[in-house]
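Here are the chains, one letter per residue:
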Amino acid sequence: MSARGHAFGIDIGGSGVKGAAVDLATGALVHERIKILTPHPSTPQAVADAVAKLVAQADWDGPVGITLPSVVLEGVAQTAANIDKAWIGTDARALFSAALDGRAVTVLNDADAAGLAEDHYGAAKEFDGLVVLLTFGTGIGSALLFHGTLVPNTELGHLEIGGMETEHRAAASIKDRDGLTYEQWAAQVSIVLSGLENLFWPKVFVAGGGISRDAEQWIPLLTNRTQVIPARLENTAGIVGAAMAIDAGIAP
């Protein structure tokens, strides 16, 4: 079923397909999120079938917003991170719509969805101006929002700063791979943030990804000039942002 003021968001990741209805007035999930393991191999049709199963389990009959770990242009996946490379060039919006019996579907990048949610309901909701969200994980995802308006598919993790791609320098996976202390890793993150703030002059950086739960151990060690705050919505941000994208009519 669907209800007034609610929208349904699905967040597709390398390990799980997660979804729930969202109260757009508050950003809260209407019910406990539903999770289905991401199929392996995570081919487009297999993932679309998982999405259809999740939506049926939720008994939702309205439009659906869906995130992909991909650059998405006009509904078409242009890249594939942590999902099967067969996604590249796939019309994801048409695929998911067909799997959901022709209903309206919005598809957007996963970091963009998290940025929408954190900007409107989460860590950055009190900030005006330019907000940059960075998700520190296997790589670095990014979202750029100006007064709530999303600039989609920024991919700042691939920007070269100091002779190295930012995610090759400061992703959370680099800390784990090289056995860096928080102080050593924070020094690398500071280089990335200093480069980004010299380009964009944001009002605030929002730090997401699993390592943001340990924010008190590394954010105070950063030396860049712009305030850095941890994300608040954690594992619901993608779901909430996907649901918001329907209501906002976002179609990157």
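It should be noted that the structure appears before, not after, this text.
Note that the structure is a prediction, hence the values are computed from the model and not measured. (Residues numbered from 1 in each chain as written. Predicted model: local features only at pLDDT ≥ 70, side-chain atom pairs only at ≥ 80, totals over all residues. Heavy atoms only, no water.)

## Description of the nonpolar core
Phase 1: Within the largest apolar cluster, 30 residues are counted, with the highest numbers of intra-cluster contacts made by Leu24 and Val206.
Phase 2: Per-element accounting of this core gives the leading share, eight residues, to helix 8 (residues 237-248).
Phase 3: Contact partners of Val206, with chain neighbours within four places excluded, come to Glu118, Ala123, Ala124, Val131, Val132, Leu133, Leu134, Ile229, Pro230 and Ala231. (Core = buried A, V, L, I, M, F, W, Y, C linked by side-chain atoms within 4.5 Å. Buried < 20%, exposed > 50% of the residue type's maximum accessible area, 1.4 Å probe, protein only. Helix = DSSP H or I, 4+ residues; strand = E, 2+ residues; numbered from the N terminus. Contact = heavy atoms within 4.5 Å.)

## Focus on the pattern of salt bridges
Phase 1: If you walk through the whole model with that rule in mind, you get two salt bridges.
Phase 2: The residue Arg177 makes a salt bridge to Asp178 at a minimum N-O spacing of 2.9 Å. (Salt bridge = Lys/Arg side-chain N within 4 Å of Asp/Glu carboxyl O.)

## Considerations on the sheet that holds strand 10 (residues 140-146)
Phase 1: The strand order across the open sheet formed by five strands is 11-10-9-14-15, and the pairing between neighbours is mixed. What marks the edges here is a single partner per strand, and that holds for strand 11 (149-151) and strand 15 (228-230). Pairwise comparison of adjacent strand axes, ignoring direction, gives a mean angle of 30° for this sheet.
Phase 2: Pairing of strand 9 (residues 130-136) with strand 10 involves seven bridges; the strand directions are antiparallel. If you follow Thr135 over to strand 10, its bridge partner there is Gly141.
Phase 3: The strands touched by helix 6 (residues 182-200) are strand 9, strand 10, strand 14 (204-208) and strand 15; relative to strand 9, the strand with the most contacts, the crossing angle is about 150°. (Pairing = 2+ DSSP bridges. Axes fitted to C-alpha atoms, helices over the stretch in contact; angles between N-to-C directions.)

## Side note on the packing of aromatic side chains
Phase 1: Under the counting rule described, the total for this entry stands at five aromatic pairs.
Phase 2: Note on Phe8 and Trp60: the rings are 5.5 Å apart at their centroids and 35° apart in plane angle, and the pair reads as tilted. Here the residue Phe8 occupies a position in strand 1 (residues 6-12), and Trp60 occupies one in the loop between helix 1 (44-58) and strand 5 (64-68), the gap between them amounting to 52 residues. Accessibility classification places Phe8 together with Trp60 in one group, the buried group. (Phe/Tyr/Trp six-rings, centres within 6.5 Å; stacked < 30°, edge-to-face > 60°.)

## Overview of the environment of Val47
Phase 1: When you line up the elements, Val47 lands in helix 1.
Phase 2: In this view, Val47 contacts Ile12, Pro39, Ser42, Trp87 and Phe96; residues no more than four positions away in its chain are not counted.

## Side note on helix 3 (residues 110-120)
Phase 1: Counting buried residues along helix 3, nine of its eleven residues qualify, which places the element largely inside the surrounding structure.
Phase 2: If you check which residues of helix 3 are buried, you get Ala111, Asp112, Ala113, Ala114, Gly115, Leu116, Ala117, Glu118 and Asp119.
Phase 3: One side-chain oxygen at the N-terminal end of helix 3 lies 2.9 Å from the backbone nitrogen of Ala111; it belongs to Asn109. (Polar contact = N/O pair within 3.5 Å; in protein donor to acceptor, adjacent residues only side chain to side chain.)

## A word on the side chain of Asp112
Phase 1: Its place among the elements puts Asp112 in helix 3.
Phase 2: Despite being buried, Asp112 has no salt bridge partner; Arg93 is the closest side chain of opposite charge, sitting 13 Å away.
Phase 3: For Asp112, the contacting residues outside a window of four places in its chain are Ser142, Ala143, Leu150, Val151, Pro152 and Asn153. (Lys, Arg positive; Asp, Glu negative; His and termini not counted.)

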